[in-house]
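Working through the structure, step by step
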Amino acid sequence: MSKKAVIQGEIHIFPTDRKSLMDRETDQFQALYCEGRSETISPHRHRNRYNLYVIGVLTLYLLYGTFSYIYSKLPLISGYDIEAQARDEGLLFDDNIDLEIHEIFDSYNTQTVNFTLVGLIILWALEFIYSFQVDTLSFVIPSLVSISTPIPIWMLPLVSGVLLPFVYFSLLVSYGNSGDRDETMARSIIEKCDEREHDSILILVGDKHVEPISEKFDEKGWEIEKQRTNNIIARIKRRLDSVNVKLYHHFVL
């Protein structure tokens, strides 16, 4: 009997793809595996770089929590708990399949980590120096338009400095991926399925993980049904990533 896995991609903030995954007939499936890890954040030998990275992670968690709360309070939209629904439908729920935070950081190329951080610090320093040259923020498109604002110029380095850890984390997550996370998630799920004798499962992961995880399952002889998210943010990001990854690897690696 062939083993079957439905792999659903999602934008983590929105529950649309989660609902779509659970709207199917779940009687034929035995478990739901979701992208996730333990809640423990361990120390690291590269203290400063890692601490900035962790601040970026925590900022993302805060943004996810805020947007999820706001989204759940909108009219005609209620909160959605996929874990509760999965358990109600008799599915085993497991969201501890991903690398830990420090393991994700270790998976990045050291040159990429250093280049990204140094580049961001240089950009911030240039903004800081520029803040001494003018009083207010303005937007200029040469030969087209010039828009002055009452916003003090010192707001620019202040805001960019606060967001620097988040931007640092986001760049590494988006363009520094070595494939370790995809391999770990696929291997973790397959090993757990072998141990638990599961041969028909649902998998929910970030949209960018769908293709590489599908390839790993296909190599093991699983029948795969892939569902990429139709969220407009993901569709735009997929197009941008196809260009940005090439540029990033050309200049960094």
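Residues numbered from 1 in each chain as written. Predicted model: local features only at pLDDT ≥ 70, side-chain atom pairs only at ≥ 80, totals over all residues. Heavy atoms only, no water.

Along the chain, A5 falls in strand β1 (residues 4-10). Along the backbone, A5 and D135 are 130 residues apart, and their C-alpha atoms lie at a distance of 58 Å. Setting aside residues no more than four positions away along its own chain, A5 makes contact with I201, I203, F217, W222, E223, I224 and E225. (Helix = DSSP H or I, 4+ residues; strand = E, 2+ residues; numbered from the N terminus. Contact = heavy atoms within 4.5 Å.)

Another point: the pattern of salt bridges. Counting across every chain of the model gives 15 salt bridges. R37 is paired through a salt bridge with D98; the nearest N and O atoms lie 2.5 Å apart. Here R37 is found in the loop between β2 (31-34) and α2 (47-73), whereas its partner D98 is found in the loop between β3 (92-94) and α4 (101-107), with 61 residues between them in sequence. D94 is the salt-bridge partner of K192, the closest N and O atoms lying 2.8 Å from each other. Of this pair, K192 sits in helix α7 (residues 180-196) while D94 is found in strand β3, placing the two residues 98 residues apart along the sequence. With a relative accessible area of 8%, D94 lands in the buried category. Among the charged side chains, a salt-bridge network with shared partners connects E35, R37, D98 and R181. (Salt bridge = Lys/Arg side-chain N within 4 Å of Asp/Glu carboxyl O. Buried < 20%, exposed > 50% of the residue type's maximum accessible area, 1.4 Å probe, protein only.)

With that settled, consider unusual backbone geometry. Located in the positive-phi region is E197, a residue other than glycine, with phi close to 60°. With respect to the helices and strands, E197 occurs in the loop between α7 and β6 (200-206).

Right, let's get into helix α5 (residues 110-130). Between its terminal C-alpha atoms α5 stretches 30 Å, which fits the 30 Å expected from 21 residues at 1.5 Å a residue. Among the residues of α5, those classed as buried are T112, V113, T116, L117 and L120. The buried residues of α5 all sit within an arc of 125° when viewed along its axis, so they share a single face. The residue sitting at the N-terminus of α5 and contributing the capping side-chain oxygen is N109; that oxygen lies 2.8 Å from the backbone nitrogen of Q111. (Expected span 1.5 Å × (residues − 1). Arc of directions from axis to C-beta. Polar contact = N/O pair within 3.5 Å; in protein donor to acceptor, adjacent residues only side chain to side chain.)

For the rest of this paragraph, the subject is the packing of aromatic side chains. One pass over the structure, following the stated rule, counts 7 aromatic pairs. Measuring from ring centre to ring centre gives 5.5 Å for Y50 and F105, while their planes differ by 70°; the resulting arrangement is edge-to-face. Of this pair, Y50 sits in helix α2 while F105 is found in helix α4, placing the two residues 55 residues apart along the sequence. Neither Y50 nor F105 differs from the other in exposure class; each is buried. A ring pair is formed by F217 and W222, whose centres lie 5.2 Å apart and whose planes are at 80°; its orientation type is edge-to-face. For F217, a relative accessible area of 0% translates into the label buried. By the ring-pair criterion, three or more aromatic residues cluster together here, those being Y50, Y53, F105, Y108 and F169. (Phe/Tyr/Trp six-rings, centres within 6.5 Å; stacked < 30°, edge-to-face > 60°.)

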